[in-house]
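Chain and residue survey
Spelled out, the chains give:
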Amino acid sequence: MLQRVEMMRNISRTHVLIILTLLLTILGATYIYSGDAISSFRFCEPCEDNPQLPLTDAMKDLKVKDCLENGAWRIGDLKMQTGLHYAQPSTQKGRTDVNSVTNWNAPLVWDGTFDPVVTDAIYKKMDPRVAVVVFAVGKYTRFLKGFLESGKKYFLVGFRVTYYIFTDNEQEVPKVELGSGQKISIITIPSAKRWQEVVLGRMKWATITIDKQIRNEADYLFMMDIDSVFYNPVGGESLSQLSAVLHRGYYKNTNRDAFPYERRPLSEAYIPAGEGDYYYTAAVWGGYLEEMYKLVKYCYMKSEEDKKNGIEAVWQEESHLNKYLLYNKPTKVLSPEYLWSDYDAVPADIRVKRISQLIKDYKEVRPNGGH
Ligand code: UD2
């Protein structure tokens with residue numbers, strides 16, 4: 001009899017253990033699932049098709065699945081409203097002077113390869129929050145006014161745009177009255193003695209601030225040089241999971257070995273001869289917030305490793321960016337229309353100068369002189 005009782009006890013102990021293990025597994029799986037859900041949720045906002053979906057904190061508790069089933073957005077969705085009027089697209093006519101697709105099948109965006117009525121309609125329907133991260137350290141605050149005033153007129157007009165201005169001198173941030181949906185957020189950072197410190201420091205400060213603040217406030221993020229202005233519209237066509245701009249100086253280069261990639265094997269940015277697609281500029285790059293976070297953090301981490309090894313990549317973060325983009329292809333490649341330069345004449349294939357780098361006296365404007 002005693003033996004039987006002991007046996008029963010053992011059995012019920014085993015049951016309890018099994019049930020506990022099952023419970024823990026379910027809890028663990030739910031935790032991992034909801035973790036995923038939280039990180040990819042931000043994009044999953046209700047669209048106007050579902051006005052009954054409240055945009056409240058309660059939304060955060062919804063799982064991505066529920067959210068999607070309710071008609072919200074996923075990265076890569078290309079939905080458009082009904083009844084939009086635009087020119088019929090052609091399968092025969094298009095740009096013939098330039099290539100408008102990469103060999104990994106991503107769009108290569110030039111004027112004439114998209115209809116802004118369509119691209120803006122798609123992305124405006126999504127109504128994303130766009131963050132623009134710019135640095136204005138030392139004398140570079142002088143560029144803020146032109147950048148912001150022209151951005152107001154041309155950059156993603158009609159979208160929700162916040163300019164995150166990282167500066168060591170808040171007093172010099174001009175009061176520019178922006179358009180509807182456009183905002184400014186100032187982040188104070190220390191001054192620097194070397195321009196290289198500022199340029200590379202952008203990766204560190206952007207990583208920290210995305211983690212602390214921007215992640216909760218934006219769906220897309222652009223990194224831009226402040227010494228530039230917008231001359232023409234930049235719209236929804238520039239948005240994608242990861243968009244990079246061809247450097248104007250090398251876009252016609254047919255010899256990949258002549259790209260100014262980092263060629264010293266000691267650097268983390270090293271790209272061996274015989275490899276490479278394009279040479280991208282670090283003055284304008286953008287994409288879905290989490291993709292950009294990965295890339296910005298990558299540039300930060302890799303430049304820190306270089307520092308430990310006593311080396312600085314030849315073109316700072318631009319070298320790390322180029323290495324990353326070679327092995328993690330961008331989903332849109334933007335033509336040099338998206339960053340031309342006031343230094344250079346505009347060739348025939350650049351039909352629209354959308355953003356342009358301003359002429360500056362490197363020696364005068366940088367804390368430690370020119371190139
Ligand atoms: C090129 C790249 C730039 C970066 C740099 C690295 C272009 C158009 N730009 O720019 O993206 O890769 O090379 O060498 O190809 N800044 C300050 N204070 C300073 C110095 C820099 O705020 O004292 C910020 C500012 O936002 C500026 C940016 O860093 O726009 C890039 O620095 P730059 O314009 O002096 O570098 P540049 O023209 O060589």
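Residues numbered from 1 in each chain as written. Predicted model: local features only at pLDDT ≥ 70, side-chain atom pairs only at ≥ 80, totals over all residues. Heavy atoms only, no water.

For the protein chain, the name recorded in an unreviewed UniProt entry is Globoside alpha-1,3-N-acetylgalactosaminyltransferase 1-like, with Labrus bergylta as its organism. Turning to the protein chain, the UniProt annotation filed under Subcellular location (unreviewed entry) states: "Membrane". Turning to the protein chain, the UniProt annotation filed under Sequence similarities (unreviewed entry) states: "Belongs to the glycosyltransferase 6 family." (UniProt positions renumbered as here; feature names shortened; annotations may be inferred.)

Description of the pattern of salt bridges
Under the criterion given, the structure shown has 24 salt bridges. With its nearest N and O atoms 3.4 Å apart, the salt bridge here joins Arg 160 to Asp 127. Of the two residues, Arg 160 sits in strand β3 (residues 160-167) while Asp 127 sits in the loop between α3 (116-126) and β2 (129-136), which places them 33 residues apart along the sequence. Of the residues examined, Arg 160 reaches a relative accessible area of 28% and is grouped as partly exposed. (Salt bridge = Lys/Arg side-chain N within 4 Å of Asp/Glu carboxyl O. Helix = DSSP H or I, 4+ residues; strand = E, 2+ residues; numbered from the N terminus. Buried < 20%, exposed > 50% of the residue type's maximum accessible area, 1.4 Å probe, protein only.)

As for the environment of Ile 226
Mapped onto the elements, Ile 226 comes out in the loop between β5 (220-224) and β6 (228-230). When near neighbours in sequence (up to four residues on either side) are disregarded, Ile 226 contacts Val 134, Phe 135, Tyr 140, Phe 143, Leu 144 and Phe 147. (Contact = heavy atoms within 4.5 Å.)

Focus: the UniProt feature "binding site: an alpha-L-fucosyl-(1->2)-beta-D-galactosyl derivative" (unreviewed entry) in the protein chain
Under the UniProt annotation, "binding site: an alpha-L-fucosyl-(1->2)-beta-D-galactosyl derivative" (unreviewed entry) lies at His 247 and Glu 318. A stretch of 72 residues holds the annotated residues, and the largest C-alpha distance among them is 10.4 Å, short enough that they meet in one place. Its place among the elements puts His 247 in the loop between β7 (242-246) and β8 (280-288). Owing to a relative accessible area of 17%, His 247 belongs among the buried residues under this scheme. Apart from residues lying up to four places away in sequence, His 247 is in contact with Tyr 279, Tyr 280, Thr 281 and Glu 318. When you line up the elements, Glu 318 lands in helix α7 (residues 316-327). Each residue touching Glu 318, except ones within four places of it in the same chain, is listed here: His 247, Tyr 279, Tyr 280, Thr 281 and Ala 282.

What to know about the site of the ligand
Of all residues adjacent to the ligand, which total 26 residues, the nearest are Phe 135, Tyr 140, Asp 227, Gln 316 and Lys 360. Between the ligand and Val 137, the relevant distance is 2.8 Å, taken from an oxygen atom to a main-chain nitrogen or oxygen of the residue. Of all the elements in the fold, those that place two or more residues in the shell around the ligand are β2, α5 (195-212), β8 and α7. The element that contributes the greatest number of residues to the shell around the ligand is α5, accounting for four residues. Split into classes, the residues belonging to the shell around the ligand amount to 14 nonpolar, five polar and seven charged. (Near = heavy atom within 4 Å. Polar contact = N/O pair within 3.5 Å; in protein donor to acceptor, adjacent residues only side chain to side chain. Nonpolar A, V, L, I, M, F, W, Y, C, P; charged D, E, K, R; others polar.)

Regarding the UniProt feature "active site" (unreviewed entry) in the protein chain
The sites that carry the UniProt feature "active site" (unreviewed entry) are, in the present numbering, Glu 318. Looking at Glu 318, its side chain comes within polar contact range of the side chain of Tyr 279, at 2.7 Å.

Examining the packing of aromatic side chains
Applying the stated criterion across every chain yields a total of 15 aromatic pairs. Ring geometry for Phe 147 and Tyr 163: centres 6.1 Å apart, planes at 85°, overall edge-to-face. Here the residue Phe 147 occupies a position in helix α4 (residues 144-154), and Tyr 163 occupies one in strand β3, the gap between them amounting to 16 residues. Considered together, Phe 147 and Tyr 163 belong to a single accessibility category, that of buried residues. (Phe/Tyr/Trp six-rings, centres within 6.5 Å; stacked < 30°, edge-to-face > 60°.)

Observations concerning the side chain of Asp 227
Position of Asp 227 relative to the elements: it lies in the loop between β5 and β6. A distance of 2.5 Å separates polar atoms of two side chains, one belonging to Asp 227 and the other to Lys 360. Among residues more than four places away in sequence, those in contact with Asp 227 are Phe 143, Ser 356, Gln 357, Leu 358 and Lys 360.

Some words on α7
The element α7 is extensively covered by neighbouring structure, given that 11 of its 12 residues are classed as buried. Taken together, the buried positions of α7 are Gln 316, Glu 317, Glu 318, Ser 319, His 320, Leu 321, Asn 322, Lys 323, Tyr 324, Leu 325 and Leu 326. Contacts from the buried residues of α7 go to α5, β7, β8 and α6 (289-308).

Let's talk about the sheet that holds strand β11 (residues 355-357)
If you walk across this open sheet you meet the three strands as β6-β11-β10, and the pairing is mixed. The open sheet has two edge strands with one neighbour each: β6 and β10 (340-341). In terms of strand pairing, β10 meets β11 through two bridges, oriented parallel. Counterpart to Ser 341 in the pairing with β11 is Gln 357. (Pairing = 2+ DSSP bridges.)

Details of the sheet that holds strand β9 (residues 332-334)
Strand order in the open sheet formed by eight strands is β1-β9-β7-β8-β5-β2-β3-β4, with mixed pairing between adjacent strands. Either end of the sheet is taken by a strand with one partner, and the two such strands are β1 (108-109) and β4 (182-188). Across seven bridges, β3 lies against β4 in parallel orientation. In the strand pairing of β4, Ile 165 is matched with Ile 186. In the packing of α4 onto the sheet, the strands contacted are β2, β3, β4 and β5, and the crossing angle to β3 comes to about 175°. (Axes fitted to C-alpha atoms, helices over the stretch in contact; angles between N-to-C directions.)

Points about the environment of Ala 131
Mapping Ala 131 onto the fold places it in strand β2. Taking C-alpha positions, Ala 131 is 8.6 Å from Arg 160, a pair spaced 29 residues apart along the chain. When sequence neighbours within four positions are dropped, the list of residues in contact with Ala 131 reads Thr 162, Tyr 164, Ile 214, Ala 218, Tyr 220, Leu 221 and Phe 222.

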